Amino acid sequence: MLFATPECVRFPIDLVHLWLHESSRVYSDKLMEEKDIDHFNKVLIDTAKRYFEGVDEHIFIHKPLIYCHFAHGVGEPRYFPVSDWKKLTRILTEALEHYNELHVAMNLVLFEDAIQHICRISRILEAPYGNALLIGVGGSGKQSLCRLAAFLSSLEVFQIALRKNYAIHDLRSDIATLYFKVGVKNIGTVFLHADAQIPDERFLVLINDMLASGDIPDLFSEDEADSIISSARMELHALGQMDSKEHCWQFFIDRIRQQLKVVLCFSPVGFTLRARARRFPALVNCTAIDWFHAWPLVALQSVSTSFIDKMDLLQPHVKSSISHFIAFAHTSVNEVSVKYQQNEKCYNYTTPKSFLELIKLYQNLLRKKRKELVQKMERLGNGLQKLQTTASQVEDLKSKLAVQETELHQRNKDMEALIDKIGQQTEKLSQEKVTADEEEQKVAAIQAEVTKKQQESENDLAKAEPALHAANAALNTLNRLNLTELRTFPNPPVIVANVTAAVLVLLSLSGKIPKDRSWKTTKMYMSKVDEFLQSLINFDKEHIPEATVKAVKEDYLSDPEFNPEFVRTKSSAAAGLCAWVINIIKFHEVYCEVDLKRQSLAQANTDLLIAAEKLESIRKKLDELDTNLAALTTAFERATAEKIRCQEEVNRTNKTIELANRLVKGLESENVRWAQSVAQYHEQEKTLCGDVLLTAAFISYAGPFAKCYRHELVQNRWLPYLRSQKVPIPMTEGLDPISMLTDDATIAQWNNEGLPSDAMSTQNATILTNCERWPLLIDPQHQGIKWIKSRYGSDLKVIHLRQKGYVDIIEEAVVAGDPVLIEHLEETIDPVLDPLLGRHMLKKGRYIRVGDKECKFHPKFQLILHTKLANPHYKPEIQAQTTLINFTVTRDGLEDQLLADVVNVERPDLEHFKSELTKQQNYFKIELKMLEDELLTRLSAAESNFLGDTLLVERLETTKHTAAEIEIKVMETKVNEVKINEAREHYRPVAARASLLYFLMDELKKINPMYQFSLKAFNVVFHKAVQQAEPSNNVKERVNNLIDCVTHSTFIYINRGLFERDKLIVTAQLAFQLLLMNKEIDARELDFLLRFNIDHSYNSPLDFLCNSAWSAIKTMSFMDEFRGLDRDIEGSPKRWKKVVESECPEKEKFPQEWKAKSSLQKLIIMRALRPDRMTYAVRNFVEEKLGAKYAEGRKTDFAKSFQESGPGLPIIFILSPGVDPLKDVESLGSKLGFTIDSGQLHNVSLGQGQEAIAEMAMEKASKEGYWVILQNIHLVAKWLDTLEKLLEKYSEGSHPAYRVYMSVEPAPTPKEHIIPQGILENSIKITNEPPTGMLANLHAALDNFDQNILDQCTREQEFKTILFSLCYFHACVAERRKFGPQGWNKKYPFNNGDLTISVNVLYNYLEANSQVPWEDLRYLFGDIMYGGHITDDWDRRLCRTYLEEYMQPNQFDRKLVLAPGFAVPSNLDYQGYHKYIDEMLPPESPVHYGLHPNAEIEFLTVTSDNLFHTLLELQSQESITGEGTSQTVEEKVKVILDDILEKLPEEYNMADITSKTAEFSPYVLVCFQECERMNLLIHEIRRSLKELDQGLKGELAISAEMEQLQTALFLNNLPDTWMKLAYPSTYSLAQWYGDLLLRCRELESWAQDLTLPSVVWISGLFNPQSFLTAVMQSLAHKNEWPLDKMHLTVDVTKKYKEEFTQPAREGAYIHGLYLEGARWDVQGGHIAEACLKTVTQAMPVIFVRANPSDRQETRNVYECPVYKTKQRGSTYVWTFHLKAKERPAKWILAGVALLLSV
């Protein structure tokens, strides 16, 4: 406010205005959201009203409320309010013009918002220490407006210029130079810095210091600092101030802070700004923030109007509509972008810059198209003009020739007569003279008489002339219409009837006056109107019979009413007839008088003519006779020559006429064709502005979107808006935006260059070739880049940003005008390229900065950017500078491409015919155009005499002939096209199936990131399958064969690269997707099967069904398809029990009508009854639907995979523990002659600097055709990018025998996955896994040895039997992993090396000792060899127990049984052992491993759950929310979210709870801790859900965390953020949330009065350990026992929770535990063998108390670990000592444990 001077604040209201303005600047400019600004304005006005008088709303409405330093002009900086917009706009416009004269021109539009921002920035710059933070998306104009504001304040602008390797030391030196300029030279400067100029976040450390204090440590060297201090000292001397070193430095820094204005231009997109503001507080604390909001619609319209109004090419009345549409297009794209982001998780931004680019594109495109059109019209117009003049010339010529011929004929006759007369006239000369005198006298007399008569006749005729004209004029008033109208009178007035009767009399033949002149008769006479009218026109007015004249006069003309004026009142037609009758009679009367005179005049004229002729001829004869004979002879000769010349002229003229006829005939059709074209062009000209508008919008905005969103934009938003405008913009109906810019020939050429033939690709190519900004291709399948490379060929410079010297390549290309392709971009682009990307031209647009050089910009230079990221998130800054083009292949796009491929293979005849015709048509089009051009050129160049140009006529005829031919060909093509399309459609199902398969392949990376496949590789598989399919002459049969072969080939291709655990998932996904596509299954039913959301609150009334199974049955019974299932099962339990308890229930038939259900419905029922059998059931389902070949797991032979490989298709082995796949390579290599010894096989084991060796090996192998094995590529993470490049480099042009084999270990989690996509997707992937099952594992273990090893030990029997036990032990520990946590708490990589080393140790120990050292061996094997892998104590106990069981002294005499019926064999040979295993090993069962058979149920149930869970994640969200359901993903999530929030309890009031007691006993503390933990969890659930809710409503930007939460809710998974604060759980979200509510209820009741519940639900606690510790603490405290010398004892009671009403006096009762792996015998009170199919058993209430350790019972007990969940491992809680009758080893091997939740 202190800026204001007294002149500014004269009245109190001025101060109020100033206060309002400054409050808005200080607070409102910082606000991010419009609603907050509105709220602030309301608060501001309310405050002003409260404290100031005379303030009302209009102050704010009275715009502009702006104060600035240039309100009265730029020269005088005084802080004043702006009086009106016009003045301010004028001042700023002049300032901008002045700026543009001095600097690089800025094309700014100064609309209201822009002006306000200039004033705000200027206000900040004028303030002392004024630094600004301008926040807005890239392209908002932040930098441009800042430059103008700086210019207004007479400040220079400094901005760093990024170059190659620009680092923090460069920034330091730039800032030091700037400080020197500002601090020493005292030049006011703005330091303008945008976020594109921060390649390194450390830059902000310097900027933070600059803003905070101005003093940047170590910025200057000592010498520089001294120089600065000495210059400051001089100034301080002059000012008379202290000049100590500190004062001088402070003076320098103060000046910098005063004179150097830091302006930061940052983007709010993403979380970068938030992170920076936290890390570098001065960015926010030491700057004034000006937030650039998205331009409002008004601003958009104002900007577009300002540009559109300047366009002369547009009609004034449509300009407003066009500018409105441009603004609407921009906002509609924003709306569709939001939808795109929500549904597809793809980001698209529009910025003011992209809006301005659209306007620029529209202007340029319209200018270009208008120019093209005008040129075409002018050319044809000239031609047409010439044709018209030619046509008239030809007509003139014809008439001229006709006259000429007649004349010539006459001349010939005259000559003959002349020759005769010459002889006669010499004799008659004297006679003729006499006669001549007489004749002369006669002629004079006749002449006098004729002249007299002629004068009389003319006078009389002049009298008759007016009557005749009047009669004709009357006739002209008549026409078909009014005569027809006259006829329609039923009873006309009398006078009208009289008029028509008079006409009838006049027209009567030969003067026969008709008797009947009634209206009826006259009406009939007039019935043929045209004839009637003609008879009037042709009426013989000179010869009317006298009787007729008399009749008309007496009967009609005598009537005074027979007057045209009077008659007109009755009928206009009758009036015309009336006038005609009157005038005809008048004319006739005069004519009769004149006729007699005329006859006598005619006679006199005839006499005169004869006499004159006679006289003339006599005179001639006299003259001629006078000439001498010689002259007569000359005349005779001349006459003869003349006769010959005439004859030639006639011949020549005849030829000209013939040519002229041909020309005229030819020109007729050209005339029509060209006239049509011109008319068409005129029509185009009218709609050009609208057509180009839609096209420009499409090119600017449609690129980033997928097909359906482009359709949404054009068809559902833009076209409806254009149609609904008040003044519609003229447009072609049904316009395809790209048709304006391309034609069939161009598209055909693109397709030949490798562009896919679908519509989406054509649109993309059109956008790419026409966009103004550089194109950026999103191209994960490399379809676009393949086309680009083919299109530009060798001229294209291909680079990537990681290669050295790429900037130099760009520099050369910019100067030379070559195209540059930057491929494989990440989400950020090197800031060095920013000037090039933004086209920041220098020196009047002729130069551009590239790196640190200014290069001359060649107009033909083109930059194309490319990324292979499938869903990149480019910041708005990048999107403003580039045109994003989405080349990602779509389902239907790929379908079209594959259809073209399959038709090409199946029906090459049609496809060939089509392409030939297209070529021919193109050739004809070119030919016709050339001929037409030549013709037009000749016509324009032709002189007036071109009618004789034979060549011209011939050219014209050729053109006509060609046009006719083309016409026929076009018809042929149309017929052929229909044929081709019909034939093509037969093959569409093949393409549709293949497209589905590719997208299914593409989704597999969700299961494991190793499963990546490229479209290129898929195309190879597809083409091979098409060639291999069974041939058939029947098209339908052939199509089915193709579908089958393509599906199976793809399946085999995918399958060999899958782990065993994933094969069924992929097969099931394939089956479900194919069935969904064919509409054979219901999407809703599939969704239910996969989610299986069931209400777990039901208790089973049947002994053979557990509660969860019954809950599933009850939930299903609410669905129509399963209504009554619960009643039927209860009604006939025996029949259902048989199914449920069957060994293979999936093969049983269901009772009653349930057997008739569909296969999918049977799967759903089976999942409810026997979830453990679902893997088998799904396999059967696949076999039933797809066939047996999809269900059998056959391994592909390596040799077959090798045949498919090639120099460009390496093989990758995905490793599994204990398997060496490279043996296959070596064995095949030795067969084919590729061995290490021959030097043709290079085996490189990567790691420890082996990369260079690998590179050399690959280079050599590619040239010479060797094989290279690269082992363990996952160990060289940094080298993988180089490997990818090398593989790509050698994939082409290498020796055909060259091959690369790689082995890689898969990463444990997707986050740790490092193998580049390019390596994985362009190779054949093969998995090799260890054998499964005891039989395979035991054989495999034994395969590590041979007969020699068996024979090597001197103590043969002991060695062999212990070795066999070791093999069995090895098979056990390896295969036990499949049982999950019940097998091993953690996964361990036991391998063959452990076994072979153990056998070596065994051999050494047996050789060295006379007795077998059992203890030593067990320790070595169990704790060192195998135990070395083990990290869990319980697993170590298990390993030891195995060895105790399998290594005993009694094993030498076949007394040791390893499995039921399988004893350790006695002394056999190597083959004997293998044979013994085959014969004696019982069928596979968990019992082999010491586990109960139920373990398999658990293992199978977990596998089934994983199967369905993964399948659910794989379903595309469209198919889940498909046709069967109406909800979108967002709607579904919203329902779940609302449901959770509605049921979520309030947080516990800890103050209330803690105030309930003064005694904080251990139990009370546990309660407090639990409440606090629950509060944290509830708070996080509520916070995250509310945030997501705001995100779904569009009130908040969707962050990555919100996206993960949304996905988790949708897939019924527990969100990670909740899991971190919760307790371990294996439940799905729905079950977990139900469990959470139960825990809250239990905790609520405990927290009510803080008394210990009678029975504590220990499973419901976050930390059960703390409760068990509390039991020990309370007893230790009570009995004064030392806590560290106590242990818990547990007594399992025979009662359940409901039977207890009081808590225990000592210790506590707990419930909620389940026993897994065994059963609790309630009556006997000990562990017993589990019941079949009862996996876990709920324990009765357990009494827990504490005792001193010395009282602990150790006999007949099993130390049972307690875990929170089935995951065991890290969820360990405690160890309970449970009573047992049998040896603990049995329960240890069985994996018996207590669980808190199942």
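Here's what I pulled together on the structure shown here.

Criteria and cut-off values
Residues numbered from 1 in each chain as written. Predicted model: local features only at pLDDT ≥ 70, side-chain atom pairs only at ≥ 80, totals over all residues. Heavy atoms only, no water. Helix = DSSP H or I, 4+ residues; strand = E, 2+ residues; numbered from the N terminus. Contact = heavy atoms within 4.5 Å. Lys, Arg positive; Asp, Glu negative; His and termini not counted. Charge placed at Lys NZ, Arg CZ, Asp CG, Glu CD. Core = buried A, V, L, I, M, F, W, Y, C linked by side-chain atoms within 4.5 Å. Buried < 20%, exposed > 50% of the residue type's maximum accessible area, 1.4 Å probe, protein only. Pairing = 2+ DSSP bridges. Axes fitted to C-alpha atoms, helices over the stretch in contact; angles between N-to-C directions. Phe/Tyr/Trp six-rings, centres within 6.5 Å; stacked < 30°, edge-to-face > 60°. Polar contact = N/O pair within 3.5 Å; in protein donor to acceptor, adjacent residues only side chain to side chain. Salt bridge = Lys/Arg side-chain N within 4 Å of Asp/Glu carboxyl O.

All right, on to the overall build of the protein chain then. In terms of regular secondary structure, the protein chain is built from 65 helices and 33 strands. Dimensions of the protein chain along its principal axes, counting C-alpha atoms only, are 185 × 105 × 85 Å. Nonlocal contacts in the protein chain, meaning residues at least 24 apart in sequence, comprise 75% of its contacts between residues at least 6 apart. Of the charged side chains in the protein chain, 209 are positive and 245 negative, and the gap between their average positions amounts to 2 Å.

Right, let's talk about the nonpolar core for a bit. Among the nonpolar cores identified, the biggest contains 258 residues, and Leu1270, Trp1618, Trp1632 and Phe1667 are the most heavily contacted of them. No other element matches the 13 residues that helix 60 (residues 1562-1593) contributes to this core. Look past the residues within four positions of Phe1667 in its chain and what remains in contact with it is Tyr1563, Val1566, Trp1646, Leu1652, Val1656, Ile1658, Leu1661, Ala1708 and Ile1710. Ranked by size, the runner-up nonpolar core spans 128 residues in total, among them Ala48, Leu373, Leu777 and Phe887.

Turning to the pairing of strand 13 (residues 853-856), a few remarks are in order. Taken together, the 4 bridges between strand 12 (residues 847-850) and strand 13 define a ladder with antiparallel strand orientation. Bridge pairing links Tyr847 to Lys856 in strand 13. As consecutive antiparallel partners, strand 12 and strand 13 are separated by 2 residues, and within that stretch Gly851 has a phi angle of approximately 65 degrees, a positive value.

On to the sheet that holds strand 17 (residues 1241-1245). Read from one edge to the other, the open sheet built from 5 strands follows the order 17-18-19-16-20, with strand pairing classed as parallel. This sheet does not close on itself; its edge strands, each paired only once, are strand 17 and strand 20 (1324-1327). Neighbouring strand axes in the sheet, compared pairwise and without regard to direction, differ in orientation by 15 degrees on average. One ladder, built from 4 bridges, connects strand 16 (residues 1211-1214) with strand 20; its direction is parallel. The residue bridging Phe1213 from the neighbouring strand is Ile1326, located in strand 20. Across the sheet, helix 45 (residues 1222-1232) touches strand 16, strand 17, strand 18 (1267-1271) and strand 19 (1299-1304), and the angle it forms with strand 18 is around 170 degrees.

Here we take up the packing of aromatic side chains. Taken as a whole, this structure holds 63 aromatic pairs when the rule is applied. Taking the centre distance of 5.1 Å and the plane angle of 65 degrees together, the rings of Trp1267 and Tyr1301 count as edge-to-face. Here Tyr1301 lies in strand 19 and Trp1267 lies in strand 18, a separation of 34 residues in the sequence. We note that Trp1267, like Tyr1301, is buried. Measuring from centroid to centroid gives 4.9 Å for Phe1369 and Tyr1426, while their planes differ by 80 degrees, and the two rings are edge-to-face. In this pair, Phe1369 is assigned in helix 51 (residues 1356-1375) and Tyr1426 in the loop between helix 53 (1414-1425) and helix 54 (1433-1446), connecting sequence segments 57 residues apart.

So, on to the environment of Lys1694. Structurally, Lys1694 can be placed in the loop between strand 24 (1686-1692) and strand 25 (1708-1711). A relative accessible area of 51% means that Lys1694 is categorised as exposed. If we ignore the near neighbours within four places in the chain, the residues touching Lys1694 are Val1722, Gln1723 and Pro1740. Here the side chain of Lys1694 touches Gln1723 through a polar contact of 3.4 Å, landing on its backbone oxygen.

Further remarks concern the side chain of Arg276. With respect to the secondary-structure elements, Arg276 resides in helix 11 (residues 272-279). For Arg276, a relative accessible area of 7% puts it in the buried group. Discounting chain neighbours no more than four positions away, the residues touching Arg276 are Asp195, Ile198, Glu201, Leu204, Phe266 and Leu283.

Opposite charge on two side chains permits them to pair, given that their charged atoms come into close proximity. By the definition in use, this model includes 66 salt bridges. Ionic pairing is found between Lys1678 and Glu1706, a salt bridge with its closest N-O pair at 3.5 Å. Of this pair, Lys1678 sits in helix 64 (residues 1664-1679) while Glu1706 sits in the loop between strand 24 and strand 25; the two residues are 28 residues apart in sequence, bridging distant segments of the chain. By relative accessible area, which is 51% here, Lys1678 ends up exposed. Close ionic contact of Asp1691 with Arg1745 constitutes a salt bridge, the shortest N to O distance being 2.5 Å. Separated by 54 residues along the polypeptide, Asp1691 in strand 24 and Arg1745 in strand 30 (residues 1742-1748) bring together distant segments of the chain. Exposure remark for Asp1691: the relative accessible area of 28% places this residue in the partly exposed category. Overall, Arg1745 belongs to the partly exposed group, its relative accessible area being 25%.

The backbone phi angle of Tyr129 is positive, close to 55 degrees, even though this residue is not glycine. With respect to the secondary-structure elements, Tyr129 resides in the loop between helix 5 (112-126) and strand 3 (132-135). We classify Tyr129 as partly exposed; its relative accessible area is 39%. Even without glycine at this site, Ser154 takes up a positive phi of about 55 degrees.

Here we have 5 strands laid out as an open sheet, ordered 9-10-14-8-15, and parallel in their pairing. Each edge of the open sheet is held by one strand with a lone partner, namely strand 9 (797-799) and strand 15 (882-886). When the angles between neighbouring strand axes are averaged without regard to direction, this sheet yields 20 degrees. On the sheet, helix 26 (residues 759-770) packs against strand 8 (774-778), strand 14 (862-867) and strand 15 and is oriented at approximately 165 degrees with respect to strand 15. In the packing of helix 28 (residues 806-816) onto the sheet, contacts are made with strand 9 and strand 10 (819-822), and the angle to strand 9 comes to roughly 155 degrees.

Another point: the side chain of Ser122. Note on placement: Ser122 falls in helix 5. Relative accessible area serves as the criterion here: at 1%, Ser122 is assigned to the buried category. The contacts of Ser122, once residues within four sequence positions are left out, are Phe70, Ala149 and Ser153.

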